[in-house]
Amino acid sequence: MPPLSLTRLMLRDFRSYPALTAGFHGRIVVVAGENGVGKTNLLEAISLLGPGRGLRGARILEFGLHGPEGPLPWAAAGRFRGPSGEFDIGTGTPEGGPAERRVFRLDGQPAKSQADLAERVAAVWLTPQMDRLFQDGAGDRRRFLDRLVWALEPHHAREVAAYDNAMAQRNRLLAGERREGRAPDPAWLAALEDAMARHGVAAAAARRGLVGRLNAALEGGITGAFPAARLSLHCAVAAALDQAPALAVEDGLRAGWAAERGRDAAAGATLSGPHRADLGFTHVPKSLPAALCSTGEQKALLVAVVLAHAALIEQTRGFAPLLLLDEVAAHLDAPRREALFGALAALPAQAFLTGTDPAIFAPLRGWRRCSAPCPGRSFRMAIFPCRKPPESLYYG
Amino acid sequence: MIEHDPVEHLIGLLAKLPGLGRRSARRAVLRMLMQPEQAMLPLAAALRDAAAAVRRCRLCGNLDARDPCGICRDPNRDHGVICVVEGVAELWALERAHAHRGLYHVLGGTLSALGGIGPEDLAVQPLLARIAEGGVEEVILALPATVDGATTAHYLTDRLKPAGVPVTRLAQGVPMGGALDVLDEGTLAAALKARRAV
Ligand SMILES: [Zn+2]
């Protein structure tokens, strides 16, 4: 079965691109060039063809190329080949609509929801910003995990959003009590805590399921020459699911939140629940937590997780996510880099790699490739293995 | 644009209506102006009549020329079953689907702490009062499958508990985030038929 792949990308007034048409008839696409030539913008555009806010987590107003009167309306469109044939996904500013909105089109028709896209495409990325993943707060690690879960279960994002929504409403009611000294309606609070329990347990169960399956895949040596990583989910709700069925865990959460209203009102926040989950990484050969590893080892651990994840998604859903690896190869030593290229060659997934130094991609040279200089752009794009003669790349 | 130009004024009013943009409003006005006697004066009269006659039903909150409304007056309907809906649009959608043979209760929204809509802003007390009068054998909660819809349904279930009336909810099949008035009639009828106790 052919892997899910992006065969053509068209951009209009997106970030640094007034216009672009690029064809990718291959599995590994390398974009090499100096900093600031638009390599990450290209990956970001690809990441926006799936659900979510893309690999920078940016706001919609940041996407448009800046014209004299602010950001221009922008559009990104991709043609994909997947297990069920060809399809087109487009996204951008609605025609004649407000610049802060973003709409999706699937095969030319308006997509009803982002879940429609999640059924067709998935993308997972590693970016230089994620080097801080092991130092920063739990929120970034939780979002990293949620994106991995999302690629496996298209409904996960909705569960997390519904949980966050219900929790925000509970916090608002409790804050009203503090401000106005008026006790909020207990039946209303109970109704919100019920929604939190249902959506929170669903989200925690999905995270727990993915961590378990990823660990099994990593133990099975799926990552080849990469150091095996072990993931641990630190979440009281997920731990409770080890001991009791989901419905009992939901009941326990409802009772717990009902009992903690006074404490949470005083704190101005809900202090317990799946929104407090954290993801731990362990370097298995050294049995060291990732926070204590070197930067290069941390990068290798993340690569191991992403490769194992891609293989898992492929087994489960029949297509692997697109891998967007921004400046990843540069951080690896030469043997690991070769291991990465070997692993990418073996995976049934399409990968996009960027780097400033074309020389680091030298091990891919044995493959038949096509490459094209990009007029007006100081980077080159190389596509491996090349199934079609070089398609022109147009840059405006 | 000339000030108080009657044509522009009319287009402006029509363009504010849901489903009509400025472009469709202009087309509609142009068509009407071709035959003002046949197309405009009857419309003006119909608008005047509807504005004067239609009001909110004091029992269920429906909009109708009679109060109580035609549904509440209909002796052939099952007065023991009340279907609670978010708004009149959902009531009309269920009527179009011929899915419900009982009465309705329009809440006027759903609970939203973030939107500042609390129980006192909704027709919750009137619902409890209707049930306290007796004769109600089942309350069906036909609320949207959103967080706010589910929260409202949970809240009402809690408040209805002391009355001892069985409460049911629409079956799955109403997609999460789905507004009832955009669902097709078959889906609505199936969801209502397969309702479950809460
Ligand atoms: Zn009525």
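Novice: Sorry if this is basic, but what is going on with the overall build of chain B here?
Specialist: Of the regular secondary structure elements, chain B holds 8 helices and 7 strands. Counting only residues that meet the buried cut, chain B has 29% of its 198 residues in that class. In chain B, the proportion of contacts linking residues at least 24 apart, taken out of those at least 6 apart, comes to 54%.

Novice: Would you mind going over the overall build of chain A with me for this structure?
Specialist: Regarding its fold elements, chain A presents 10 helices and 18 strands. Dimensions of chain A along its principal axes, counting C-alpha atoms only, are 70 × 55 × 35 Å. Burial status across chain A gives 45% buried among its 396 residues. For chain A, contacts bridging at least 24 residues in sequence account for 69% of all contacts bridging at least 6.

Novice: I'm lost on the pairing of strand E6 (residues 75-82) of chain A in this one. Help?
Specialist: Regular strands place their side chains on alternate faces of the sheet. Residue and element names in this part refer to chain A. With 7 bridges connecting them, strand E1 (residues 5-14) and E6 associate as antiparallel partners. Each bridged residue has a counterpart across the sheet, and for Arg 12 the counterpart in E6 is Ala 75. Here E6 pairs with strand E7 (residues 85-92) via 8 bridges, running antiparallel. Its bridge partner lying in E7, Arg 79 is registered against Asp 88. Counting the residues that bridge the hairpin from E6 to E7 gives 2 residues.

Novice: Is there a simple way to explain unusual backbone geometry in this structure?
Specialist: Across the junction of Asp 67 of chain B and Pro 68 of chain B, the peptide omega takes the value 0 degrees, indicating a cis bond. Relative to the elements of secondary structure, Pro 68 of chain B occurs in the loop between strand E2 (63-64) and helix H4 (70-73). The backbone phi angle of Glu 327 of chain A is positive, close to 55 degrees, even though this residue is not glycine. Although it is not a glycine, His 98 of chain B adopts a positive phi angle of roughly 50 degrees.

Novice: I would appreciate a short explanation of the environment of Pro 154 of chain A in the present structure.
Specialist: Residue and element names in this part refer to chain A. Tracing the chain through its elements places Pro 154 in the loop between helix H3 (138-152) and helix H4 (156-180). A count of 19 C-beta atoms within 10 Å places Pro 154 in the partly exposed class. Separated by 95 residues in sequence, Pro 154 and Val 249 place their C-alpha atoms 23 Å apart. The residues touching Pro 154, leaving out its near neighbours within four places in the chain, are Ala 115, Ala 118 and Glu 119.

Novice: I'm lost on the interface of chain A and chain B in this one. Help?
Specialist: Interfaces are often described in size by the accessible area the parts lose on coming together. Between chain A and chain B, the contact holds 17 residues from the first and 13 residues from the second. At the level of elements, H4 and helix H5 (186-219) of chain A are the ones that each hand at least two residues to the side of chain A that touches chain B. Considering every element that reaches the side of chain A that touches chain B, the biggest residue donor is H4 of chain A, with 8 residues. A breakdown of the residues in the side of chain A that touches chain B according to their chemical character gives 10 nonpolar, 3 polar and 4 charged.

Novice: Could you clarify how one ought to interpret the sheet that holds strand E13 (residues 288-289) of chain A in this entry?
Specialist: Either a parallel or an antiparallel arrangement is found when strands of a sheet pair, and the pairing is made through backbone hydrogen bonds. The 3 strands are arranged E11-E12-E13 (chain A) in an open sheet whose pairing can be described as antiparallel. With partners counted over all chains shown, the strands left at the sheet margins are strand E11 (229-234) and E13 of chain A, one partner each.

Novice: I'm lost on the confidence of the model for chain B in this one. Help?
Specialist: A low pLDDT score tells you not to read the predicted coordinates there in detail. With 89% of its residues at a pLDDT of at least 70, chain B reaches an overall mean of 88. Overall, residues 173-177 of chain B carries pLDDT values under 50, and its contacts beyond four positions in sequence, including any with other chains, amount to 12 contacts.

Novice: Would you take a moment to explain the packing of H3 of chain A against H5 of chain A for this structure?
Specialist: Geometry of a packed helix pair, given as the angle between the helix axes and the separation of the axes. Residues and elements named next belong to chain A. For the pair H3 and H5, interaxial distance at closest approach is 10 Å and the crossing angle is 85 degrees. Comparing their axes, H5 and H3 come out roughly perpendicular. Judged by residue contacts, Leu 145, Leu 148, Val 149 and Leu 152 of H3 engage Ala 206, Arg 207 and Leu 210 from H5. Here the residues of the contact of H3 with H5 are counted per class, giving 6 nonpolar, no polar and 1 charged.

Novice: Would you take a moment to explain the environment of Ala 32 of chain A for this structure?
Specialist: All names here are of chain A. When you line up the elements, Ala 32 lands in strand E3 (residues 28-33). On the basis of neighbour counts, which here come to 21 C-beta atoms within 10 Å, the residue Ala 32 falls in the buried class. For the pair formed by Ala 32 and Gly 209, sequence separation is 177 residues and the distance between their alpha carbons is 37 Å.

Novice: I tried to follow the confidence of the model for chain A on my own but got confused; where do I start?
Specialist: All names here are of chain A. In this model, chain A carries a mean pLDDT of 87, and residues with pLDDT of at least 70 account for 91%. Across chain A, the secondary-structure element scoring lowest on mean pLDDT is strand E18 (residues 394-395), at 40, and the one scoring highest is helix H7 (residues 246-259), at 97. Every residue in residues 389-396 scores below 50 in pLDDT, and together they form 20 contacts with partners more than four places removed in sequence or on other chains.

Novice: What is the right way to read the pairing of E11 of chain A from this model?
Specialist: All names here are of chain A. Residue alternation in E11 divides its side chains into a buried set, Ala 229, Leu 231 and Leu 233, and an unburied set, Arg 230, Ser 232 and His 234. Two elements, E11 and strand E12 (residues 278-283), share 6 bridges in a ladder whose sense is antiparallel. Along E12, the bridge assignment pairs Ser 232 with Gly 280.

Novice: Help me understand H3 of chain A, please; the structure alone is not making it clear to me.
Specialist: Three or four residues apart is the spacing at which side chains of an α-helix point the same way, because the helix has 3.6 residues per turn. Here H3 of chain A contains 15 residues, and its C-alpha end-to-end distance of 21 Å stays within 8% of the 21 Å for a straight helix at 1.5 Å per residue. Every buried residue belonging to H3 of chain A is among Arg 141, Arg 142, Leu 145, Asp 146, Arg 147, Leu 148, Val 149, Trp 150 and Ala 151 of chain A, and all of these are buried.

Novice: What am I meant to see in the nonpolar core here?
Specialist: Grouped burial of nonpolar side chains is what soluble globular proteins tend to show. Membership of the largest hydrophobic core comes to 150 residues, with the highest contact counts inside it found for Ile 46 of chain A together with Val 84 of chain B. With 16 residues, the single largest contributor to this core is H5 of chain A. When residues no more than four places from it in sequence are discounted, the contact partners of Ile 46 of chain A are Leu 6, Leu 9, Gly 78, Ala 123, Leu 322, Leu 324 and Phe 352 of chain A.

Novice: Even after reading the chapter, I still don't get the sheet that holds strand E3 (residues 78-85) of chain B, so can you show me in this structure?
Specialist: Residues and elements named next belong to chain B. If you walk across this open sheet you meet the 5 strands as E4-E3-E5-E6-E7, and the pairing is mixed. Only two strands of the sheet have a single neighbouring strand rather than two, namely strand E4 (102-106) and strand E7 (196-197). Here strand E6 (residues 167-169) runs beside E7; their pairing, made up of 2 bridges, is antiparallel. Residue pairing in the sheet places Thr 168 in a bridge with Ala 197 of E7.

What counts as what
Residues numbered from 1 in each chain as written. Chains lettered and ligands numbered in written order. Predicted model: local features only at pLDDT ≥ 70, side-chain atom pairs only at ≥ 80, totals over all residues. Helix = DSSP H or I, 4+ residues; strand = E, 2+ residues; numbered from the N terminus. Buried ≥ 20, exposed ≤ 12 C-beta atoms within 10 Å, placed from the backbone. Contact = placed C-beta atoms within 7 Å. Pairing = 2+ DSSP bridges. Nonpolar A, V, L, I, M, F, W, Y, C, P; charged D, E, K, R; others polar. pLDDT = per-residue confidence, 0-100. Axes fitted to C-alpha atoms, helices over the stretch in contact; angles between N-to-C directions. Parallel < 35°, antiparallel > 145°, perpendicular 65-115°, else oblique. Expected span 1.5 Å × (residues − 1). Core = buried A, V, L, I, M, F, W, Y, C linked by C-beta atoms within 7 Å.

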